[in-house]
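Letter by letter, the chains look like this.
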Amino acid sequence: MDNKFEWVYSEKVKDHFMHPRNVLTDEAAYNADGRGIVGNIKCGDEMVVAIKVDKKKNTIAECKWKTYGCASAIASTSILSEIVVGKTLDQAYHLTAKDIAKELGGLPEHKIHCSVLGHKALRAAIEDYYTRNGMTNKVEEEKAHIICQCMNVTDIEIEEAVLEGARTYLELQEHTKLGTVCGQCKDKAIQMLEEYKKKHFSK
Amino acid sequence: MSKRKVYLDHNATTPLHPEVKKVMIEAMDAFGNPSSLHSFGRQARRLIDDARDKIGAFIGGKAEDIVFSGSGSEANNTVLNLLYCAARHCEAPHTKRHQIITSQIEHPCILEAAACLEERGIDVVYLPVHKTGKIDMDKYSSVISDKTALVTVMMANNEIGTIQDIKEIGRIAHKHGAMFHTDAIQAVGKIPVNVHELGVDYLSLSAHKIYGPKGVGALYVSPGVPFCPFIRGGHQERGRRAGTENTIGIAGFGKAIEMRVTEMGPEAKRLSSLKAKLKAGIEKNIPNIQFNGHPIDSLPGTLNVSFFGAEGEAILLYLDLEGIAVSTGSACASGSLDPSHVLIAAGLPAEEAHGSIRISMGRDNTEEDIGYTVEKIALVIDKIRKMSTVR
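Now for a quick tour of the structure.

Conventions adopted
Residues numbered from 1 in each chain as written. Chains lettered and ligands numbered in written order. Predicted model: local features only at pLDDT ≥ 70, side-chain atom pairs only at ≥ 80, totals over all residues. Heavy atoms only, no water. Helix = DSSP H or I, 4+ residues; strand = E, 2+ residues; numbered from the N terminus. Rg over C-alpha atoms; globule rule 2.2 N^0.38 Å. Contact = heavy atoms within 4.5 Å. Areas by Shrake-Rupley, 256 points an atom, 1.4 Å probe, with all protein chains shown as cover. Lys, Arg positive; Asp, Glu negative; His and termini not counted. Charge placed at Lys NZ, Arg CZ, Asp CG, Glu CD. Buried < 20%, exposed > 50% of the residue type's maximum accessible area, 1.4 Å probe, protein only. Arc of directions from axis to C-beta. Core = buried A, V, L, I, M, F, W, Y, C linked by side-chain atoms within 4.5 Å. Pairing = 2+ DSSP bridges. Axes fitted to C-alpha atoms, helices over the stretch in contact; angles between N-to-C directions. Buried area = accessible area lost by both parts, 1.4 Å probe. Salt bridge = Lys/Arg side-chain N within 4 Å of Asp/Glu carboxyl O. Polar contact = N/O pair within 3.5 Å; in protein donor to acceptor, adjacent residues only side chain to side chain. Nonpolar A, V, L, I, M, F, W, Y, C, P; charged D, E, K, R; others polar.

**Here we look at the overall build of chain B**
Move 1: Counting its regular elements, chain B contains 14 helices and 13 strands.
Move 2: Here chain B has a C-alpha radius of gyration of 22 Å; the compact-globule value for 391 residues is 21 Å, and the two agree.
Move 3: Considered along the principal axes of its C-alpha atoms, chain B spans approximately 65 × 50 × 35 Å.
Move 4: A separation of at least 24 residues holds for 73% of the contacts in chain B among residues at least 6 apart in sequence.
Move 5: Of the roughly 15,300 Å² of accessible surface on chain B, a fraction of 54% belongs to carbon and sulfur atoms.
Move 6: Between the centroid of the 44 positive side chains of chain B and the centroid of its 45 negative side chains there is a distance of 2 Å.

**Concerning helix α6 (residues 166–175) of chain B**
Residue and element names in this part refer to chain B.
Move 1: Along α6, the positions that sit buried rather than exposed are Ile 166, Ile 169, Gly 170, Ile 172 and Ala 173. Along the axis of α6, the buried positions cluster into a sector of 160°, meaning they face one direction only. Looking at α6, the residues exposed on the side facing more than 90 degrees away from the buried face are Lys 167 and Lys 175.
Move 2: Buried-residue contacts for α6 involve α5 (137–143), β5 (148–152), β6 (179–183) and α7 (195–198).
Move 3: Once α6 finishes, Gly 177 follows within two positions and takes phi at roughly 75°, a positive value.

**Examining the nonpolar core**
Move 1: Grouped together as the largest cluster of nonpolar side chains are 70 residues, with contacts concentrated most on Ile 51 and Leu 122 of chain A together with Ile 282 and Phe 307 of chain B.
Move 2: Once residues within four sequence positions are removed from consideration, Leu 122 of chain A is found in contact with Val 49, Ile 51, Ile 60, Leu 80, Val 84, Ala 92 and Leu 95 of chain A.
Move 3: One finds Ile 144, Ala 156, Val 193 and Leu 348 of chain B within the second-largest nonpolar core, a separate group that totals 58 residues.

**Description of the sheet that holds strand β10 (residues 302–307) of chain B**
Residue and element names in this part refer to chain B.
Move 1: The sheet built from four strands is open, its strands ordered β9-β10-β13-β12 with antiparallel pairing. The sheet is open, and its two edges are formed by β9 (289–292) and β12 (327–328), each paired on a single side.
Move 2: In the packing of helix α14 (residues 367–386) onto the sheet, contacts are made with β9, β10 and β13 (356–360), and the angle to β10 comes to roughly 25°.

**Regarding the interface of chain B and chain A**
Many descriptions give the size of an interface as the accessible area lost when the pieces come together.
Move 1: With 28 residues of chain B in contact, the opposing surface of chain A contributes 35 residues.
Move 2: Both faces considered, chain B and chain A share a buried interface measuring about 2,500 Å² in area, 62% of it formed by carbon and sulfur atoms.
Move 3: Summed over the shared surface of chain B and chain A, the number is zero salt bridges.
Move 4: The interface formed by chain B and chain A contains eight residue pairs in polar contact (both at pLDDT 80 or more).
Move 5: Sorting the residues of the side of chain B that touches chain A by element identifies α10 (312–321), α11 (331–334), α13 (350–353) and α14 of chain B as the ones contributing at least two each.
Move 6: A per-element tally of the side of chain B that touches chain A places α10 of chain B first, with six residues.
Move 7: Broken down by class, the residue content of the side of chain B that touches chain A amounts to 11 nonpolar, eight polar and nine charged.

So, to be careful, I would describe these as geometric facts and stop short of saying anything about function.
Structure follows, in structure tokens:
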């Protein structure tokens, strides 16, 4: 297409979108050491990440994925599958959505949420590996509970949003996007919002 | 080598008709203020009056029934706003009526304006639609009453193309003494629209959907019905819409309508045939799909299709890379995660609505375009499904 009419995405996003790397084409035949799945198609995005582990070095030897999602979701998982190879499980486990967006040369603000699921799926895959290999002590018990199923928003994120300044349900939605799909979590979220406000800000 | 370019997003906007462009370029010299009495002003006034004549005649009304606006959205907002205005200020016959009836699949400019009225205490009923996008007439008949001030239902839906039974909806509105408005922005110039046959009190239209310029719309206001200007100020448009008229845009609008007189009929036939080819091509080459909208009562050039296991924005952007422009009601394209309100209202599960695209054809599209599009869509869907969690 004409170069003068740029996409909203960076060239790197475009490259990974056009030429996705490490796609998990035959999941049944793939002998993964760990597998994670997050999101759901009802909400729009769903990702599967499967890893093979170099057990001697405790590093990720291979990372494959499948994504149902938009360009930024596809590109995020694609680049993730490249950057985690060679990283120790611990390093990979602690990658953040921000790291992924940075690798991609940035994402438009309204697309950040699409990159979040990739690292969550990777985390789930590593946790699956830990669990399969009797290393449950390595699984970080965040004690997070998902409050908004559609957007995968946990109580921890709600607390963070409150600490970052969300005071009303609308502001909470702006921060976390919770309740923006089916809305069934609204009452619960409002209750938690009030609890965290009380916990951190009541005199 | 430059890639083939196929524009299939005519419901979003259309390219300027070459004849319209010519008229607009000529109109650029008519710089006088149409409200001025001198010759410069009269020259501009003449252009506006000509356009008003053409537009009025095209929809079966009189020139003086046409109020120009800055967009179709403004025309729609004007109608909803006048209800509030009439109820609160003008002692119009509708003072005691505080309900509007609309549908769940209206354009956002109607839904947002209605939501604003709701906040001001007006009761709004959003009628559900059947799977084909047709209004649930039983529900409509059961909610309308002598409390209904206005019924506003779009004539043809922008996303799925479904055409409503406007005449019947209007008849029922009038039986209960309510005013009736139709947003005919996607209909005028594509299918026959006659304000008298339809029995509408207000009708909105827009230039840029019919190869005219952007930034100019119009509202048909039936003689004698309540009216309040949405934009106040000068006495332009006989006091019904203040602001110096967009002479160039209005002249272009008039020419666009004039071109429709001869082009609409043959074009509708041609587009219907292209649509049938497109539909057949998609059906033949791609499994797990579903066409949305009404199978017969639908705009000739509009086709909405869901591809299971493929997300709308991804489809749109892969097609863009092939030079094909379509649109999607997919949430992800806009940043919000809500899928198209129209498809959801038509009963599609969210997972199908996410993977839907709208293909809207126009006067320049050819059979070759459709062949190319079918070929590319098949490749794109296959590519996306191969990496999708859902096959």
